[in-house]
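Secondary and tertiary structure notes
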Amino acid sequence: MKIFKTTAVALAMVLASACTLDLREDPNAVQLAQIDVNLSLNEIQTTFAGFYNGASGVGEPMVRLTNSGGSRYNNVFTPVGFDGIWSTAYSTFLQDASKLTEKADAAGLTYHAGVCRVLSAYVLVTLADYFGNVPYSEALKGSDNFNPAADTDQSVYEAAFGLLDAAIANFNTASTPIPTSPPFADLYYNGSSAKWKKLANSIKLKMYLNWRNFNAAQAKEGIEGLLTSADGVIAAQGENFIFRYGTNTTDPDVRHPNYGAYIAGGGTYMSNHLNWMMLYGYDMHLEARPGDPRMRFYWYRQTTANSTNPNEMRCVTEQTPLHYMFASGGAVIYAKGGVPPGITTDASSVAWTRTYCYPSGVGYWGRDHVDNQGIPPDAFLRTTWGPYPAGGRFDANQGAGVTPSMGMRGAGFQPIMMRSFVAFMLSEAVNNAAVTAPKTARAYFSDGIDYSFKDVRDWALNGTYGTNAAAASPTENSGITAFYSQANYDADVTTYKTRALAAYDAQADADARLNFIAREYWIAAFENGVEMYNLYRRTGKPTGMQPTLDPNPGAFPRSWWYPQTYVTLNNKADQKADLTSKVFWDKNSANLDF
């Protein structure tokens, strides 16, 4: 594996007063001696969170975690729409991380170097997962090479594995004394090398799951090595890899990006399909239950009744499109995506009353998949973000429009790598790859469900996972406990888990069991489009996804357009002809073009 080592240019955060330039040096480039290691690390950590947020926002609508604009897959996102992600990755994050890594290595600041390498590996892998072949070995050379050639996505993965190995070695080596002024801040793990090593292994795990489609034997060996490693993988709540936001509103505004919906009203349309799957999964709508217990934490309904006015909700007077799932003549007619796991096949169930426009009449007000129709006056009616993870308001049937002081006031977080994700990935690995592991695929499946339900409620109640030293965020504790007691929540969770495990046990083979693993992973990964975009391409599951509103949407993006700035400014770059080109590990033949 290649070790990440480059000669990059300027960092944004420096101590300008420390400058004394040699006349033989480029006066426009910041030199190594000018870098303040702690300020630079702070900048790198926050820039990384911005990169993740942008990448996740691209993946989420593709896997029906949120709604998207566009009318067909090839125009949901345009090449120009990727300029920001690309610029954040190459012009800012990787440049800065490269330079700090170089200085940290020279100074023996192994903790700084380890953090940079772990985050750099994540960014590089995400670029390869999204775009395929991307610049790496010739990149970050500044004026020495304005036109870096693209490396194969496989070689970028190999380089990222090397970075993670080097990072673990960094964390196993004592650092030279870290400067105390300005203060050192680990925004993710509060100075815990052990947690960073678990994260490095967890990133390897997700890479090996993709790699399995390319080389199953190597992936099996790699995953088994992680499970026998003394460092382990993420498994405890305090090991969740998250980026936390605060409540400050100006200079700077540090609230969760999605909390903007509470400031201006409206915001992103939620996914009708995800609403539907959570309302009716395992018949959790029966016996006076409101559906999946996590719904009131994921979303806040600004109204508790859906409109009958077509000027507010255009689709209420329209019939379910014929290419959607629906019940007819006592039978369920499934769409191109197949059968949705966890949903009853009984055509008389209320689940099949509404598979289009809105999932029920109780105020879940979102949009169907790839619906770009005009925006009606529904800003303070549509369903918006709840306390998990966006720092919004818990849904206790208030049915009131949002205001900027509601809920956790924006003190949410980015769920970049949660312990539930790792459990579901291990379940997939044991189920699919015959990985020898301490637990069965079923046990990891059960763990993932447990972790998700506990982490969702605990965040809203406590405002922290103990991953760093920051004070707890404002919480929704009193409103939650008054409306949905711990005892009632636990009872509903037990019912859900019992039914989910029964459904898993009823499946006849590994492929069918994988569909339920994917279902639960998909729901638990709300607000993480990066992992779900990979899961969906890697497995083609969960099945039964809602089709686009247009019955002929074109090819599902197996990789994305290159950014416009890249193909315009780099004479070695050519734009893709379409979105059908697959990344090296995508050997899945499932048809996702619906």
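Predicted model, so just to flag it, every value in this text is computed and none were measured.

**Some details on the side chain of serine 56**
When you line up the elements, serine 56 lands in helix α1 (residues 37-62). The residues touching serine 56, leaving out its near neighbours within four places in the chain, are Tyr130, Glu527, Asn528, Gly529 and Val530.

**Regarding the packing of aromatic side chains**
Under the criterion given, the structure shown has 62 aromatic pairs. A ring pair is formed by phenylalanine 48 and phenylalanine 93, whose centres lie 6.1 Å apart and whose planes are at 55°; its orientation type is tilted. On the criterion of sequence distance, the pair formed by phenylalanine 48 in helix α1 and phenylalanine 93 in helix α3 (residues 83-107) is long-range, its members being 45 residues apart. With respect to burial, phenylalanine 48 and phenylalanine 93 carry one shared label: buried. Summarising the aromatic geometry, the rings of phenylalanine 82 and phenylalanine 131 are spaced 5.6 Å apart at their centres and angled 85° between planes, so their arrangement reads as edge-to-face. Separated by 49 residues along the polypeptide, phenylalanine 82 in the loop between α2 (73-76) and α3 and phenylalanine 131 in helix α4 (residues 110-131) bring together distant segments of the chain. Phenylalanine 131 shares its class with phenylalanine 82; the two are buried.

**A few points about the packing of helix α11 (residues 419-433) against helix α12 (residues 441-462)**
Two numbers describe how α11 lies on α12: the axes approach to 8 Å, and their chain directions differ by 165°. In terms of axis orientation, α11 runs roughly antiparallel to α12. Remark: the crossing between α11 and α12 carries left-handed chirality. Contacts from Arg419, Ser420, Ala423, Phe424, Leu426, Ser427, Val430 and Asn431 of α11 reach α12 at Ala441, Tyr444, Phe445, Asp447, Gly448, Ile449, Tyr451, Ser452, Lys454 and Asp455.

**Concerning the layout of surface pockets**
Roughly 470 Å³ of internal volume is contained in the largest pocket. Along its surface, the largest pocket is lined by 17 residues, and Trp86, Tyr90, Ser91, Phe146 and Pro148 are the ones closest to its centre. Going through the elements one at a time, α3 and α17 (564-569) are the ones with two or more residues in the lining of the largest pocket. Ranked by residue count, the leading element in the lining of the largest pocket is α3, at five residues. Here the lining of the largest pocket is composed, by residue class, of nine nonpolar, seven polar and one charged. Counted as a void, the second largest pocket has a volume near 350 Å³. Every residue lining the second largest pocket is counted, 18 residues in all, and those nearest its centre are Thr46, Leu187, Phe243, Arg244 and Tyr245. Grouping the constituent residues of the lining of the second largest pocket by class yields nine nonpolar, five polar and four charged.

**Things to note about the nonpolar core**
Among the nonpolar cores identified, the biggest contains 166 residues, and Leu127, Trp196, Phe241 and Trp560 are the most heavily contacted of them. Discounting residues that sit within four places of it in the chain, leucine 127 has contacts with Phe51, Trp86, Ala89, Tyr90, Leu94, Gly132 and Val134. With nine residues, the next largest nonpolar core counts Cys315, Tyr324, Tyr358 and Leu549 among its residues.

**Some details on the pairing of strand β3 (residues 241-244)**
Going residue by residue along β3, you find Phe241 and Phe243 tucked away on one face and Ile242 and Arg244 tucked away on the opposite face as well. Looking at chain direction, β3 and strand β8 (residues 413-417) are connected through four bridges and run antiparallel. Residue pairing for β8: phenylalanine 241 is matched across the bridge by methionine 417.

Cut-off values and rules
Residues numbered from 1 in each chain as written. Predicted model: local features only at pLDDT ≥ 70, side-chain atom pairs only at ≥ 80, totals over all residues. Heavy atoms only, no water. Helix = DSSP H or I, 4+ residues; strand = E, 2+ residues; numbered from the N terminus. Contact = heavy atoms within 4.5 Å. Phe/Tyr/Trp six-rings, centres within 6.5 Å; stacked < 30°, edge-to-face > 60°. Buried < 20%, exposed > 50% of the residue type's maximum accessible area, 1.4 Å probe, protein only. Axes fitted to C-alpha atoms, helices over the stretch in contact; angles between N-to-C directions. Parallel < 35°, antiparallel > 145°, perpendicular 65-115°, else oblique. Left-handed = near helix turned anticlockwise from the far one by under 90°. 1 Å grid on protein atoms, 1.4 Å probe; cavity = no way out; pocket = protein on both sides within 12 Å on 5 of 7 lines; lining within 4 Å. Points joined across faces, edges and corners; volume = space filled by probe spheres on them. Nonpolar A, V, L, I, M, F, W, Y, C, P; charged D, E, K, R; others polar. Core = buried A, V, L, I, M, F, W, Y, C linked by side-chain atoms within 4.5 Å. Pairing = 2+ DSSP bridges.

That's the geometry; what it means functionally is another story.
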